[in-house]
Amino acid sequence: MISQKEYKNRRDTLAKKLSNNSIGIIYSSTYKIRSNDTEYPYRQDSNFYYLTGFKEDNSVLVLVKTKNLTKTILFVQKKDEQLELWTGKRQGEKQAKKRFSVDKVFASNDLKKRLIEYFVGKKTLYCDLSSKDKRVKKVLDQASGIKTQKNIIHYIREMRLVKSPAEINLIKKAISITRDAHHSVMRSKKKGKKEYELLAQIEYEFKSRGAYSDAYISIVACGNNANTLHYIKNNKPLIDKELILIDAGSEYKHYASDITRTIPVNGKFTKAQKKLYNLVLDTQLEIIKMIKPHVNRSELQKIAVELLTKGMLKLGILKGDYKKLIKKQKYKKYYPHGIGHWMGLDVHDPAPYINYDNNEIALDKGMVLTIEPGLYIDKDDKSVPKKYRGIGIRIEDDILVTKKGHDNLSKDIVKTVKEIEDISFNLLCKSKALAVTAPQAK
Ligand code: GLY
Ligand code: MN
Ligand code: MN
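Report follows, based on the coordinates. (Residues numbered from 1 in each chain as written. Chains lettered and ligands numbered in written order. Predicted model: local features only at pLDDT ≥ 70, side-chain atom pairs only at ≥ 80, totals over all residues. Heavy atoms only, no water.)

Turning our eyes to something else, we now look at the coordination of the manganese ion (ligand 2). Taken together, Asp258 (OD), His341 (NE2), Glu372 (OE) and Glu396 (OE) make up the protein donors of the manganese ion (ligand 2), found 2.0 to 2.2 Å from the metal. Viewed at the metal, the six donor atoms of the manganese ion (ligand 2) are separated by angles of 51 to 155°, and the geometry they form is irregular. Positions of the donor residues of the manganese ion (ligand 2), expressed as sequence spacing, correspond to D-x82-H-x30-E-x23-E. Here the manganese ion (ligand 2) and the manganese ion (ligand 3) are spaced 3.4 Å apart, with Asp258 acting as a shared donor. A residue pair is termed long-range when its members are at least 10 positions apart, and Glu372 in the loop between β15 (368-371) and β16 (374-377) and Glu396 in the loop between β17 (391-394) and β18 (397-401) qualify at 24 residues. Judged by its relative accessible area of 10%, Glu372 is buried. With a relative accessible area of 0%, Glu396 lands in the buried category. (Donors = N, O, S within 2.8 Å, 3.2 Å for Na, K, Ca; no water. Tetrahedral: all angles 85-135°; square planar, octahedral: opposite > 155°, others 65-115°. Helix = DSSP H or I, 4+ residues; strand = E, 2+ residues; numbered from the N terminus. Buried < 20%, exposed > 50% of the residue type's maximum accessible area, 1.4 Å probe, protein only.)

To continue, consider the coordination of the manganese ion (ligand 3). Note on the manganese ion (ligand 3): its protein donors are Asp247 (OD), Asp247 (OD), Asp258 (OD) and Glu396 (OE). The metal-donor distances range over 2.1 to 2.3 Å. In this structure, the manganese ion (ligand 3) is surrounded by six donor atoms whose angles at the metal cover 56 to 169°, and the resulting shape is irregular. All donor residues of the manganese ion (ligand 3) come from one chain, and their arrangement in sequence is D-x10-D-x137-E. For Asp258, a relative accessible area of 3% gives the class buried.

Turning to the site of ligand 1, a few remarks are in order. As a structural note, the neighbourhood of ligand 1 is formed by Tyr216, Asp247, Asp258, His341, His348, Glu372 and Glu396. Between ligand 1 and the protein, one listed contact pairs a nitrogen atom with a side-chain N or O atom of Asp258 at 3.0 Å. A distance of 3.2 Å is found between an oxygen atom of ligand 1 and a side-chain nitrogen or oxygen belonging to Glu396. For ligand 1, the protein covers 82% of the area, taking 200 Å² as the surface of the free molecule. (Near = heavy atom within 4 Å. Polar contact = N/O pair within 3.5 Å; in protein donor to acceptor, adjacent residues only side chain to side chain. Areas by Shrake-Rupley, 256 points an atom, 1.4 Å probe, with all protein chains shown as cover.)

Let's shift gears to the sheet that holds strand β11 (residues 243-247). Taking strand neighbours across the sheet as the criterion, the three strands line up as β10-β11-β14 in an open arrangement whose pairing is antiparallel. Strands at the two margins of the open sheet, each flanked by one partner only, are β10 (219-222) and β14 (260-264). When strand polarity is set aside, the average angle formed by the axes of neighbouring strands in this sheet is 15°. Examined bridge by bridge, β10 and β11 share four bridges and lie antiparallel to one another. Across the sheet, Ala221 pairs through a bridge with Leu245, a residue of β11. Here helix α9 (residues 195-208) sits on the sheet and contacts β10 and β11; the angle it forms with β10, its principal contact strand, is near 150°. (Pairing = 2+ DSSP bridges. Axes fitted to C-alpha atoms, helices over the stretch in contact; angles between N-to-C directions. Contact = heavy atoms within 4.5 Å.)

Function cannot be read off these values alone, since they describe shape.
Take a look at the structure:
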């Protein structure tokens, strides 16, 4: 749980970054239409949530800063008995004022009127200048008298780079739910089942353990389907002797997890699959070992590229001179993506990768990133020995940077060839923290 004190501290930190005589405005998410008059499930805007912990739509956070003094004002939906009958209870101004440590709470309907008053004498307006939200356009029109406009999102994103202990606990919880889901499908997958059956099982495990949602659309890709990086059709049968790449992560109290495992349909890796799998695994383990403060993410990618290229040369997937292969980026055909990304309230957390001087931001204590090398060999790639064609492998874990090194937060999710084969045949020792925990009573 994130305390109200922590949310308040975040608002105070943000306020310190704003110039005197300024105003900052951050909007909640809006409902998104799925079809006609039905909506996608509501998900609060991550930046708004980061600063408030407030889950309702149609709400706005306003920071009014005069000389070094900031007032925080939350605008929320008015109580409305008739509407609440359909869409559920609202906090309303009174309750929100009691629960959220802001200076004032007003009804959202009054925002425009209040802004007229707040805008007087202000020199800078901070809001999400990159947003396509109509409300932002409207407020920019209303604030046309304020000389300078700045993007408030940059400041919030910077703050989101380093996670607090409370945030790390929520990420850990999301990962533990994801662990149980991956282990559950590792035990039950078999030929003839469909990819979407595994997906349904993953979603069941997420929801029954209290994860409201997936952190992103899951990928359950058998055989060559894994070579489509964003394969989300998930509608093909599982074929004997093929591998299934499963990239699925739960979201718990708005915090993401992002885990990929690649497992054999029949529980046993073929010799060729094992060679390719161990190349990806050894690479991943080496990269994770490198993680500590002051290391650059680009260095991790560089070493991953070198290890994968060397390995592919050994297996005859790439041919030629090692240095030339690296220089010409020949690995890109088989390893086309990056080594990983920040993770937090968003699966691809939009924290910055470079600082204001255009220098890369090095890893530091409290940052969380994924490490996810992969190799993808198309079934029709005649340049590769036949035994490796139609195999796509990615292994992805979520890593916390610590003071002296790192903590692999998803280390409990089975990963070696032996562990995966053992869990498939129910041979894995339950004491290895791998036992599936019981679903949470709701
Ligand atoms: N699941 C999204 C990613 O791995 O980046
Ligand atoms: Mn990822
Ligand atoms: Mn992923």
